[in-house]
Amino acid sequence: LRHLRFDIAFIGASGLSESEGAYATSIDEAHVKQLAMKRAERKMLIADSSKWNQPEAVLFGQWSQFDDWVCDTGLGGNHAESVEKQGVNVIQKEL
């Protein structure tokens, strides 16, 4: 992975925290995601609203490290605005 370069890294998350960012379930999974993010020009987080405020074991990316977050329209409240204030373009689509 250290020798590859990506235009866009599409990164999934097992859990999300409004204040911290994206979580994975294992250290190995988090490490691979962090390497891909370091080698990518654009980082796009893909995680649906069911992951919101459901942090998992390992934080692998703070909100400021992502360019975009693609999620469904079930987020509700002002949560999308909160993430956008951290510099992330939030893209909500119906499932």
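Within any chain, residue numbers begin from 1 and follow the written order of that chain's sequence. With the structure being a predicted model, the display of local features is reserved for residues of pLDDT at least 70 and the display and counting of side-chain atom pairs for 80 or more, all residues being used for whole-chain, interface and lining totals. Water and hydrogen atoms were dropped before computing side-chain values, which therefore reflect all heavy atoms in the structure.

Trainee: Account for the sheet that holds strand S4 (residues 40-46), naming residues and giving values.
Mentor: Pairing between the strands of a sheet is mediated by backbone hydrogen bonds and can be parallel or antiparallel. The strand order across the open sheet built from 4 strands is S1-S4-S6-S7, with neighbouring strands paired in parallel fashion. Since the sheet does not close on itself, it has two edges, and those belong to strand S1 (6-12) and strand S7 (89-93), each with one partner. Adjacent strand axes in the sheet meet at a mean angle of 20°, parallel and antiparallel pairs treated alike. Pairing between strands requires that DSSP locate at least two bridges from one strand to the other. Note on conventions: DSSP H or I runs of at least 4 residues are helices, E runs of at least 2 residues are strands, and numbering of each starts at the N terminus. Here S1 runs beside S4; their pairing, made up of 6 bridges, is parallel. Paired with Ile11 across the two strands is Leu45, which belongs to S4. Sitting on the sheet, helix H1 (residues 27-38) is in contact with S1 and S4, with an inclination near 150° to S1. Each axis is a line fitted through C-alpha atoms, and for a helix only the stretch in contact is used; angles between axes span 0 to 180 degrees, taken between their N-to-C directions. In this analysis, two residues are considered to be in contact whenever any of their non-hydrogen atoms come within 4.5 Å of each other.

Trainee: Describe the environment of Leu75, and please don't skip the residues or the numbers.
Mentor: Considering the arrangement of structural elements, one finds Leu75 in the loop between strand S6 (68-72) and helix H2 (79-84). For Leu75 and Lys51, which are 24 residues apart along the polypeptide, the C-alpha to C-alpha distance reads 9.6 Å. Among residues more than four places away in sequence, those in contact with Leu75 are Ser49, Trp52, Trp69, Ala80 and Gln92.

Trainee: Quick one: what's the story with the environment of Gly76, residue by residue and with numbers?
Mentor: Inspection of the secondary structure assignment puts Gly76 in the loop between S6 and H2. Classification of residues uses two cut-offs on accessible area relative to the type maximum, computed with a 1.4 Å probe and protein chains only: under 20% is buried, over 50% is exposed, and between them is partly exposed. Given the relative accessible area of 38%, Gly76 is considered partly exposed. Taking C-alpha positions, Gly76 is 8.7 Å from Ser49, a pair spaced 27 residues apart along the chain.

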